[in-house]
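The residues making up each chain are set out below.
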Amino acid sequence: MGKVTGFLELDREIEPYRDVEIRIKDYDEIFTGIHDSEKLQQQGARCMDCGVPFCQSADGCPVDNLIPEWNDLVYNDSWRDALERLHKTNNFPEFTGRVCPAPCEGACVLGMNNPAVTIKNIEQSIVDKGFDEGWISPRKVSDYSGKKVAIVGSGPAGLAAADELNQMGHSVAVYERSDRIGGLLMYGIPNMKLGKDVVNRRIDLLRSEGVEFITNANIGRDLMVEELRTKFDAIVFTTGSTKARDLPAENREAKGIYPAMEYLKENYKSLLDHGDVNKDQFSAKNKDVVVIGGGDTGTDCIGTALRQGAKSIVNFELMNKPPLDRAEKNPWPEWPIIYRVDYGHEEATSVYGKDPRRYQLLTKSFIKDKEGNVSGIKTVNVEFENGQLNEITNTEKIWDTQLVLLSMGFVSPEHYLSDDAEIELDERGNYKAEYGNFCTSKQGIFCAGDCRRGQSLVVWAINEGRGVAKSVDSYLETL
Ligand SMILES: Cc1cc2nc3c(=O)[nH]c(=O)nc-3n(C[C@H](O)[C@H](O)[C@H](O)COP(=O)(O)OP(=O)(O)OC[C@H]3O[C@@H](n4cnc5c(N)ncnc54)[C@H](O)[C@@H]3O)c2cc1C
Ligand code: SF4
């Protein structure tokens, strides 16, 4: 283990983000890019190497990262060995080290009565150092099996499956309907949280290792599944959960109301294509912006609108404000449901003088002007009683707005691909397959990631991508 008494002597210290005043002027990563090796070694020394490392299993890390092992290696200044251990369980630690909410830290044993080990910071530092030092280079595959696999969708699930299957010696082609590879890593999670150079660096690595990428290929529309079946021995669907939940209130059709993903994609595609975010209808400049719904997507809308120069930003949440500490019915090692201040909230508080979140608000209707543009929202306060939502009388309020972003999650994958492939859906409308074997109702077609499990996290997409690769490999052996 790290330092035997490290957890008693050393305090948790997380790496700070760039100063708010500076970072809101650009779309670069919020991270400083500076990893202080000595400080990180001290943080690694806080790991107790407890008998049952909950951080790496059960409620902790979904890819079972070997956390106590690499904490110890970092403490002992063995960064390259730490990198090797990290890559054994995680194909893309540079993604999770930046964007993972870190359930591992929620399950850290030290976290029962002390601040948890800074696991996520250490993970990011190990892999960033690996790239900086040139320790990560293409692992060429020398012996191919002759079997071919098509992967549809290039998010983290598709990329993890492609990486694993290629290293197993199968020829892999990844089909993506968008013009860039990466799924929500590319168009979804903003540049501030995950630089697109970081995403492209890994894609280039996979390409040089033998994975083929085909963009602008919409399977089920431009190219049908039947055609893929004639060319490939197995097909994996990793198409994500892309059908956004809508808010069918009065005047929903007003101009200026967009699903969050449409707003984010338009802006970040424009930034990548032209070096600047969208200046037209997707610009928040000088507008009163209302973001309806929270989570990562809501925060990303806040961070983006603020950088575009929004006049004001308010974020409606239907639920109660979470407690500052774990509630009794949310004990360790469960994921702590507590009040958190993410990067966008911190930035909005700094710019507008107040946290943008307003809780227990239900949108009753939108208001539009004579030209059909959204000009306001009518809300009512709500409270929850025995799980039942009740409106509170005389609490109706009108909010001025010229741009509304709907960030209320995703319902399921779209169904044109499953219709074309004639595979079954589960009761939630996701592609139906058991976790573990990932087989759809059609032999030779598999699915993984958000299109199977529903809207989730990058780390779970990587977990499922690795899992589906094992299942496909076993299937290919039977052919
Ligand atoms: C705005 C936003 C912010 C987020 N922030 C975080 C975060 O901070 N941390 C975190 O852990 N998670 C975050 N998430 C969730 C995370 O991004 C997803 O859980 C994860 O990307 C799912 O991976 P996936 O590979 O299953 O699907 P996706 O990443 O959704 O990729 C699916 C890909 O399939 C393509 N596709 C779909 N249909 C077809 C077709 N018929 N033919 C060809 N291609 C197709 C899509 O274009 C897409 O590129 C965020 C999500 C959003 C929307
Ligand atoms: S992938 Fe997420 S849960 Fe796993 S060690 Fe990294 S931050 Fe923790």
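Each remark here, short or long, concerns the structure printed above.
1. Digging into helix α5 (residues 79–89)
Here is step 1: Turning to α5, its buried residues number three or more, namely W79, A82, L83, L86 and T89. Along the axis of α5, the buried residues cluster in a sector spanning 130 degrees; they form a single face.

2. Examining the site of ligand 2
Here is step 1: Surrounding ligand 2, one finds 13 residues, the nearest of these being C61, N65, C100, C104 and E123.
Here is step 2: Put simply, the parts of the chain that give the shell around ligand 2 at least two residues each are α7 (103–107) and α8 (119–132).
Here is step 3: When residues in the shell around ligand 2 are grouped by element, the largest group, 3 residues, is from α8.
Here is step 4: Residues that form the shell around ligand 2 fall into these classes: 9 nonpolar, 2 polar and 2 charged.

3. As for the sheet that holds strand β7 (residues 288–292)
Two modes of strand pairing occur in sheets, parallel and antiparallel, and in both the strands are linked by backbone hydrogen bonds.
Here is step 1: Pairing is parallel in the open sheet, where 5 strands are placed in the order β6-β14-β7-β8-β9. Looking along the sheet, the strands with just one partner apiece sit at the ends: β6 (257–259) and β9 (357–358).
Here is step 2: Inspection of the sheet shows strand β8 (residues 312–316) paired to β9 by 2 bridges, in the parallel sense. Bridge assignment links N315 to a residue of β9, and that residue is R357.
Here is step 3: Packing against the sheet, helix α12 (residues 260–274) makes contact with β6 and β14 (403–406), and its axis sits at approximately 85 degrees to β6.

4. Points about the side chain of D300
Here is step 1: Following the sequence through the fold, D300 ends up in helix α13 (residues 295–307).
Here is step 2: What D300 contacts, discounting residues up to four positions off in sequence, is G188, I189, P190, K193, L264 and Y343.

5. Side note on the nonpolar core
Here is step 1: In terms of nonpolar packing, the biggest core is built from 64 residues, with I126, I151 and V472 touching the most fellow members.
Here is step 2: No other element matches helix α17 (residues 458–477), which puts 8 residues into this core.
Here is step 3: Looking at which domains feed residues into this core, each of domain 1 (6–132) and domain 2 (148–242 + 411–477) supplies at least three.
Here is step 4: Setting aside its immediate chain neighbours within four residues, I151 contacts G158, A161, A162, L165, V172, A173, V174, Y175, V236 and T238.

6. Notes on the pattern of salt bridges
Here is step 1: Evaluation of the coordinates by the stated rule reveals 31 salt bridges.
Here is step 2: For D276, the salt bridge is made with K279, and the minimal N-O distance between the two is 2.9 Å.
Here is step 3: Overall, K279 belongs to the exposed group, its relative accessible area being 60%.
Here is step 4: When salt bridges that share partners are traced, they join R23, R307, E346 and E347 into one network.

7. Notes on the pairing of strand β10 (residues 361–368)
Here is step 1: Pairing geometry for β10 and strand β11 (residues 374–385), over 7 bridges, is antiparallel. Bridge pairing in β11 links T363 to T379.
Here is step 2: Connecting β10 to the antiparallel partner β11 that follows it, the hairpin turn spans 5 residues, and G372 within it adopts a positive phi of roughly 85 degrees.

8. A short note on unusual backbone geometry
Here is step 1: With omega at 5 degrees, the peptide bond leading from W332 into P333 counts as cis.
Here is step 2: With respect to the secondary-structure elements, P333 resides in the loop between β8 and α14 (343–352).
Here is step 3: In this model, N286 sits at a positive phi of 60 degrees, which is unusual for a non-glycine residue.
Here is step 4: By secondary structure assignment, the location of N286 is in the loop between α12 and β7.
Here is step 5: In this model, E422 sits at a positive phi of 55 degrees, which is unusual for a non-glycine residue.
Here is step 6: Locating E422 in the fold gives a position in the loop between α15 (416–421) and β16 (445–447).
Here is step 7: Overall, the relative accessible area of 58% leaves E422 in the exposed class.

Calculation rules
Residues numbered from 1 in each chain as written. Chains lettered and ligands numbered in written order. Predicted model: local features only at pLDDT ≥ 70, side-chain atom pairs only at ≥ 80, totals over all residues. Heavy atoms only, no water. Buried < 20%, exposed > 50% of the residue type's maximum accessible area, 1.4 Å probe, protein only. Helix = DSSP H or I, 4+ residues; strand = E, 2+ residues; numbered from the N terminus. Arc of directions from axis to C-beta. Near = heavy atom within 4 Å. Nonpolar A, V, L, I, M, F, W, Y, C, P; charged D, E, K, R; others polar. Pairing = 2+ DSSP bridges. Contact = heavy atoms within 4.5 Å. Axes fitted to C-alpha atoms, helices over the stretch in contact; angles between N-to-C directions. Core = buried A, V, L, I, M, F, W, Y, C linked by side-chain atoms within 4.5 Å. Domains from an automatic or database assignment. Salt bridge = Lys/Arg side-chain N within 4 Å of Asp/Glu carboxyl O.

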